[in-house]
Amino acid sequence: MNPLFFVSPQSVAIVEASDKPAILRALADVLARAHGLDAALVLERLEEREALGSTGFGRGVAIPHARFPAVPRPVCAVLRLRRPVAFAAADGMPVDLVFGLLSPENSGAAHLHALAAISRLVRDERVRAALAEAPHEEALYALLIGAADRNAA
């Protein structure tokens, strides 16, 4: 497992979303449920960060992220969207993979290192394609963990 962020089977989901606000709501719900957090506060933090500029990474990936006081270390949730959705990504392409990252308020470099680890993970086109085509959450989680382990080695 990648030591730079924590992801659990409960923080991986395949969801239907029609637009960017729906994606952020789904992401907040998954993060809150998986880590025992307040979904409304998670959503508020994600929306605040998104208001500064889109976290659409490109190549079908978005990485909404925020600092959050109630997490002891960086935590991640991963959504695979059933259909690509416009997200105002840097390359103008819709997204079908969303990595949500919450880091402690004072995490400084740890937050940046976790973002970089996610970025490295999805830059590998084979990994990105496999994640985007995962047939169910268990497969998505297994692919994610396997790729993160290889990437951390």
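In what follows, the accompanying structure is described. (Residues numbered from 1 in each chain as written. Predicted model: local features only at pLDDT ≥ 70, side-chain atom pairs only at ≥ 80, totals over all residues. Heavy atoms only, no water.)

**Some points on unusual backbone geometry**
Put simply, the rule is: When a residue's accessible area, from a 1.4 Å probe over protein chains only, is under 20% of the maximum for its type it is buried; when over 50% it is exposed; and in between it is partly exposed. Secondary structure elements are taken from DSSP: a helix is a run of H or I of four residues or more, a strand is a run of E of two residues or more, and numbering for both begins at the N terminus.
With a phi angle near 55 degrees, R59 is a residue other than glycine that sits in the positive phi range. On the basis of relative accessibility, which here comes to 35%, the residue R59 falls in the partly exposed class. The backbone of A88 sits at a positive phi, close to 55 degrees, despite the residue not being glycine. Topologically, A88 is positioned in the loop between β5 (75-85) and β6 (95-103).

**A look at helix α3 (residues 109-123)**
Operational definition: For a helix, the expected span equals 1.5 Å multiplied by the number of residues minus one.
In a regular helix each residue adds 1.5 Å, so 15 residues correspond to 21 Å; α3 covers 21 Å between its end C-alpha atoms and thus fits that length. For α3, every residue scored as buried is listed here: H111, A114, L115, A117, I118, S119, L121 and V122.

**Digging into the pairing of β5**
Spelled out, the test is: A strand pair is defined by DSSP finding two or more bridges across the two strands.
For β5, the buried fraction is high: eight of the eleven residues fall into the buried class. Bridge analysis of strand β1 (residues 12-15) against β5 gives four bridges, and the strand direction is parallel. What sits directly across from V12, in β5, is V78. Both β5 and β6 contribute to a ladder of seven bridges, which runs antiparallel. Along β6, the bridge assignment pairs V75 with L102.

**What to know about a negative patch on the surface**
Just so we agree on the cut-off: For patch detection, residues must exceed 30% relative accessible area and be free of salt bridges, and they are connected within 9 Å for like charges or within 5 Å for nonpolar side chains (Val, Leu, Ile, Met, Phe, Trp, Tyr). The method behind every accessible area is Shrake-Rupley, applied with a 1.4 Å probe, and residues are considered shielded solely by the protein chains displayed. What counts as a salt bridge is simple: a side-chain nitrogen of Lys or Arg found within 4 Å of a carboxyl oxygen of Asp or Glu. When charges are tallied, Lys and Arg are placed among the positive residues and Asp and Glu among the negative ones, while His and the ends of the chain are skipped. Every charge is mapped onto a representative atom, which is NZ of Lys, CZ of Arg, CG of Asp or CD of Glu.
The grouping of D38, E44, E47 and E48 at the surface amounts to a negative patch. Tracing the backbone shows E47 in helix α2 (residues 39-52). A relative accessible area of 39% means that E47 is categorised as partly exposed.

**A short note on helix α1 (residues 20-35)**
Rules: Any pair of residues with heavy atoms lying within 4.5 Å of one another is described as a contacting pair.
Compared with an ideal rise of 1.5 Å per residue, which puts 16 residues at 22 Å, α1 spans 22 Å between its outermost C-alpha atoms and is within 8% of the ideal. Of all the positions in α1, only K20, A22, I23, L24, A26, L27, A28, V30, L31, A32 and H35 are classed as buried. Turning to α1, the residues buried within the fold contact β1, α2, β5 and β6. Following α1 by one or two positions, G36 has its phi on the positive side, about 65 degrees.

Any functional reading would require information that these geometric values do not contain.
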